[in-house]
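What follows is each chain in one-letter form.
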Amino acid sequence: MRFRACSRIGSLMTLAVLTAVASTTAGAQARPATSQQRIPVQKESAGDVARKDSIARADSIAAAEAARRDSVARAEAAARQDSIAKAAAAVAAAEAARRDSIAREDSIRNAYQRAQAELAKRGFVIGLAAGWSAPNGKYGDVFDNGWNVTLPIGWHRQGSRFGFRGDIAYDSHGGKTTQATSVPPSVSNPIVLPPEPTPYEGVNSTYELDDGTVWSGNLDAVLDLAQWGKNRLGSFYLLGGGGIHFFNKKQVNVTPLSGPSVGVTTSYETDTQTKWGLNGGIGLAFEIGRTAMFLESRYFTAYTDEANSDWVPIILGVKFR
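To keep things clear, this report deals only with the structure shown in the data block. These numbers come from a predicted model, not from an experiment. (Residues numbered from 1 in each chain as written. Predicted model: local features only at pLDDT ≥ 70, side-chain atom pairs only at ≥ 80, totals over all residues. Heavy atoms only, no water.)

A few points about the overall build of the protein
The condition that has to hold: Helix and strand labels come from DSSP, where a helix needs a run of H or I of at least four residues and a strand needs a run of E of at least two; each type is numbered from the N terminus. Buried, partly exposed and exposed residues are distinguished by accessible area as a fraction of the type maximum, computed with a 1.4 Å probe on protein chains only: under 20%, between the cut-offs, and over 50%, respectively. Residue contacts are counted whenever heavy atoms from the two residues lie within 4.5 Å of one another. Each accessible area is a Shrake-Rupley estimate made with a 1.4 Å probe; only the visible protein chains count as cover when residues are assessed.
When you go through the protein residue by residue, the secondary structure sums to 3 helices and 12 strands. Per-residue burial over the protein gives 30% buried out of 321 residues. Within the protein, residue pairs in contact and separated by at least 24 positions form 68% of the contacts whose partners lie at least 6 positions apart. With an accessible surface of roughly 20,200 Å², the protein has 61% of that area assigned to carbon and sulfur atoms.

Brief notes about the side chain of R165
Just so we agree on the cut-off: Residues adjacent in sequence count toward polar contacts only when both atoms are side-chain atoms; beyond that, a polar contact is any pair of N or O atoms within 3.5 Å, and within protein one must be able to donate a hydrogen and the other to accept it.
Counting through the fold element by element, R165 comes out in strand β3 (residues 162-175). Judged by relative accessible area, R165 falls into the buried class, the value being 10%. There is a polar contact of 2.7 Å between the side chain of R165 and the side chain of E296. Excluding anything up to four places from it in sequence, R165 contacts P152, I153, G154, N218, L219, D220, V222, L239, E296 and R298.

Thoughts on the nonpolar core
Note the following rule: Think of a nonpolar core as a cluster: buried Ala, Val, Leu, Ile, Met, Phe, Trp, Tyr and Cys residues, connected wherever their side-chain atoms sit within 4.5 Å.
One finds F247, V252 and W311 to be the most contacted residues of the largest nonpolar core, which totals 14 residues. For this core, the secondary structure elements donating two or more residues are α3 (139-142), β5 (205-209), β8 (251-256) and β11 (291-302). In this structure, A129, Y237, A292 and I315 belong to the second largest nonpolar core, which totals 9 residues.

Structural notes on the sheet that holds strand β12 (residues 309-320)
Adjacent strands of a sheet form backbone hydrogen bonds with each other and so pair up, either parallel or antiparallel. What counts here: A pair of strands counts as paired when DSSP detects no fewer than two bridges linking them. For helices, the fitted axis covers only the stretch in contact; all axes are lines through C-alpha atoms, and the angles between them, taken along N-to-C directions, range from 0 to 180 degrees.
Taken together, the 8 strands give a closed barrel; going around it, the order is β1-β2-β3-β6-β7-β10-β11-β12, and neighbouring strands pair in antiparallel fashion. Looking at each pair of strands side by side, their axes are set apart by 25° on average, direction ignored. Strand direction decides the pairing type here: strand β7 (residues 234-247) and strand β10 (residues 273-288), joined by 13 bridges, are antiparallel. Bridging across to β10, L239 finds its partner in G281.

Remarks on the packing of aromatic side chains
Aromatic rings considered in pairs are described by the distance between their centres and by the relative angle of their planes. We apply this condition: Centre distance within 6.5 Å is the pairing criterion for rings of Phe, Tyr and Trp, where only the six-membered ring of Trp is used; planes under 30 degrees apart are then read as stacked, over 60 as edge-to-face, and the remainder as tilted.
One pass over the structure, following the stated rule, counts 8 aromatic pairs. Centroid distance Y139 to F247: 6.3 Å. Interplanar angle 75°. Geometry classified as edge-to-face. Within this pair, whereas Y139 is found in helix α3, its partner F247 is found in strand β7, the two being separated by 108 residues in sequence. When the centroid spacing of 5.1 Å and the interplanar angle of 80° are considered together, the rings of F162 and F164 count as edge-to-face. A relative accessible area of 45% means that F162 is categorised as partly exposed. Counting every residue linked through ring pairs, the aromatic cluster contains Y139, F143, F247, F300 and W311.

A word on empty space enclosed by the protein
Let me state the cut-off plainly: The distinction between a cavity and a pocket rests on a 1 Å grid over the protein atoms alone: a 1.4 Å probe fits inside a cavity but cannot get out, while a pocket stays open yet meets protein on both sides within 12 Å along at least five of seven lines, and a residue with an atom within 4 Å of a point counts as lining. Grid points are joined across faces, edges and corners, and a volume is the space filled by probe spheres set on the points.
Tallying each qualifying case throughout the model produces 2 cavities of 30 Å³ or more. Within this model, the largest cavity holds a volume of roughly 230 Å³. Going through the elements one at a time, β1 (124-136), β2 (143-155), β3, β6 (212-228), β7 and β11 are the ones with two or more residues in the lining of the largest cavity. Considering each element in turn, the lining of the largest cavity owes the most residues, 4 residues, to β2.

Side note on the pairing of β3
Within β3, 10 of the 14 residues are buried, leaving the element largely enclosed by the surrounding structure. With 11 bridges connecting them, β2 and β3 associate as antiparallel partners. Bridge pairing in β3 links F143 to G175. In textbook terms, the turn of a hairpin is the stretch between consecutive antiparallel strands, and for β2 and β3 this stretch comprises 6 residues, one of which, G159, has a positive phi near 90°. As defined by bridge partners, β3 adjoins β6 across 12 bridges and the pair is classed as antiparallel. By the bridge assignment for β6, Y170 is matched with W215.

Quick look at the sheet that holds β8
Taken together, the 4 strands give an open sheet; going across it, the order is β4-β5-β8-β9, and neighbouring strands pair in antiparallel fashion. The open sheet has two edge strands, β4 (177-180) and β9 (266-269), and neither has a second partner. Across the sheet, the axes of successive neighbouring strands diverge by a mean angle of 25°, strand direction being ignored. One ladder, built from 5 bridges, connects β5 with β8; its direction is antiparallel. Bridging from a neighbouring strand, E208 pairs with N253 of β8.

Describing the pattern of salt bridges
To keep it simple, the criterion reads: Counted as salt bridges are all cases of a side-chain nitrogen of Lys or Arg within 4 Å of a carboxyl oxygen of Asp or Glu.
Tallied over the entire structure, the rule returns 13 salt bridges. D144 is the partner of K176 in a salt bridge, and the nearest nitrogen-oxygen pair spans 3.8 Å. Of this pair, K176 sits in the loop between β3 and β4 while D144 sits in strand β2; the two residues are 32 residues apart in sequence, bridging distant segments of the chain. A residue is classified by how much of its surface remains accessible, and K176, at 24% relative accessible area, is partly exposed. Where D220 meets R298, a salt bridge forms, and the shortest distance between an N and an O atom there is 2.8 Å. Taken together, the positions of D220 in strand β6 and R298 in strand β11 put the pair 78 residues apart, joining distant regions of the chain. The exposure class of D220 is buried, given its relative accessible area of 1%. Salt bridges here are not isolated pairs; linked through shared partners, they connect R165, D167, D220, E296 and R298.

Encoded structure:
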């Protein structure tokens with residue numbers, strides 16, 4: 001019995017030893033191999049952590065600022081490009097408008113030149129002149145020198161020596177003061193005193209006239225004795241024809257120098273007169289491109305009451321073909 005008990009105890013002890021050995025071996029195999037070198041571990045201080053956070057924030061701010069600058073730069077570049085594009089468009093529009101304006105001006109100029117050339121070819125002439133006007137004959141006894149304005153309109157084909165001209169003229173002559181024992185014919189022309197007897201017949205009296213004015217409409221033939229110039233506007237010419245003349249109303253003051261009414265002035269208003277007349281004269285023209293300067297003089301005679309009214313204007317003007 002003892003032997004069996006000892007045998008069981010020995011078996012159990014052997015089993016326990018084997019189990020312990022097996023557990024030790026298994027634990028050794030299960031654990032990983034560890035390095036024999038120790039790795040130093042350092043703990044960061046609070047100051048290092050704060051510094052790193054500050055650096056991180058600074059980097060973030062710098063990145064945001066760089067992004068903002070990039071955005072501003074892109075916006076400015078876009079604005080510049082847009083401004084350049086708008087300026088270029090404005091310049092292009094202005095240039096187009098300028099070209100259109102030049103084209104219109106050229107078109108108008110060409111049309112005007114064509115019309116002018118066509119009128120010149122057909123012979124239409126228009127002008128304007130002014131100058132000195134001198135009363136003559138009995139009309140010159142009561143009127144002083146004055147002035148004249150003439151608007152000539154003619155038809156004279158280029159290269160032809162013969163043409164026609166109509167004109168409207170205005171002459172103004174200063175009134176004189178004369179002495180006579182009766183109404184002079186020159187005073188009653190175109191001045192007409194009342195038909196009833198007056199105290200001035202046979203009495204030496206002064207006759208003071210206002211200025212005299214004459215409107216005239218004339219139609220003349222023109223003959224070029226000589227022509228020169230590219231457009232044949234330079235010429236030495238004769239002209240003559242007839243017209244109608246309108247004498248305006250005016251006032252005459254009569255003052256006896258003796259007799260019962262001595263020194264008493266009586267004023268009379270003249271009548272208007274419209275009379276036919278003739279004229280003729282010469283002219284000299286100098287070509288300047290499609291225009292010509294001309295110097296001209298004519299002798300006018302109007303068949304007014306009592307005596308003819310004569311005057312001679314000398315005018316300088318320009319005419320266009």
